[in-house]
Amino acid sequence: MRKGFDGLSARVQQVLADDPFSGHVFAFRGRRGDQLKLLWWDGDGLCLLSKRLERGRFVWPKAESGRVHLTAAQLSMLLEGIDWRRPERTTKPSKAA
């Protein structure tokens, strides 16, 4: 996780064959799974968010094609360290009538 703006945007271009200035959010996880970096273009410049979990690991999706598309809710859960593949509801519905 030593790469910064230039290194990560180069990986987006070379490995994913995508445009880092497209406005998409590109996520990179560290080898141990406890660090995450997000790279995105906001229209004025590149933004880089870095997060390290004190406990646990980021649940990482399996990518057959090298890329995965997440919904905003899935990305939010990923950033919180929640297993976004099997979220559980906090309450169960009660019986109707």
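Everything below is about the structure shown above.
Residues numbered from 1 in each chain as written. Predicted model: local features only at pLDDT ≥ 70, side-chain atom pairs only at ≥ 80, totals over all residues. Heavy atoms only, no water.

Student: I'm lost on the sheet that holds strand E2 (residues 35-41) in this one. Help?
Tutor: Neighbouring strands of a sheet are bound in pairs by backbone hydrogen bonds; such pairs are parallel or else antiparallel. An order of E1-E2-E3 is seen for the 3 strands of this open sheet, with the pairing classed as antiparallel. Because the sheet does not close on itself, it has two edges, and the strands there are strand E1 (26-29) and strand E3 (46-52). Across the sheet, the axes of successive neighbouring strands diverge by a mean angle of 15°, strand direction being ignored. Where E1 meets E2, 4 bridges bridge the pair, whose relative direction is antiparallel. The residue bridging Ala27 from the neighbouring strand is Leu38, located in E2. (Pairing = 2+ DSSP bridges. Helix = DSSP H or I, 4+ residues; strand = E, 2+ residues; numbered from the N terminus. Axes fitted to C-alpha atoms, helices over the stretch in contact; angles between N-to-C directions.)

Student: Can you help me understand the environment of Ser50 in this one?
Tutor: Residue placement: Ser50 occurs in strand E3. A relative accessible area of 53% places Ser50 in the exposed class. In sequence terms Ser50 and Met1 are 49 residues apart; their C-alpha atoms lie 9.5 Å from each other. Excluding residues that lie within four positions of it along the chain, Ser50 makes contacts with Leu36 and Lys37. (Buried < 20%, exposed > 50% of the residue type's maximum accessible area, 1.4 Å probe, protein only. Contact = heavy atoms within 4.5 Å.)

Student: How do you make sense of unusual backbone geometry when you look at a structure like this?
Tutor: Non-glycine residue Ala17 carries a positive phi angle of around 55°. Relative to the elements of secondary structure, Ala17 occurs in the loop between helix H1 (5-14) and E1.

Student: It is not clear to me how the packing of aromatic side chains should be interpreted in this structure. Could you clarify?
Tutor: Note on aromatic pairs: each is described by the distance of the centres and the angle between the planes. As enumerated under the stated definition, the model contains 1 aromatic pair in all. Ring centres 5.2 Å apart and planes at 90° place the aromatic pair Phe21 and Trp41 in the edge-to-face group. Of this pair, Phe21 sits in the loop between H1 and E1 while Trp41 sits in strand E2, and the two are 20 residues apart along the sequence. The class for Phe21 is partly exposed, based on a relative accessible area of 42%. (Phe/Tyr/Trp six-rings, centres within 6.5 Å; stacked < 30°, edge-to-face > 60°.)

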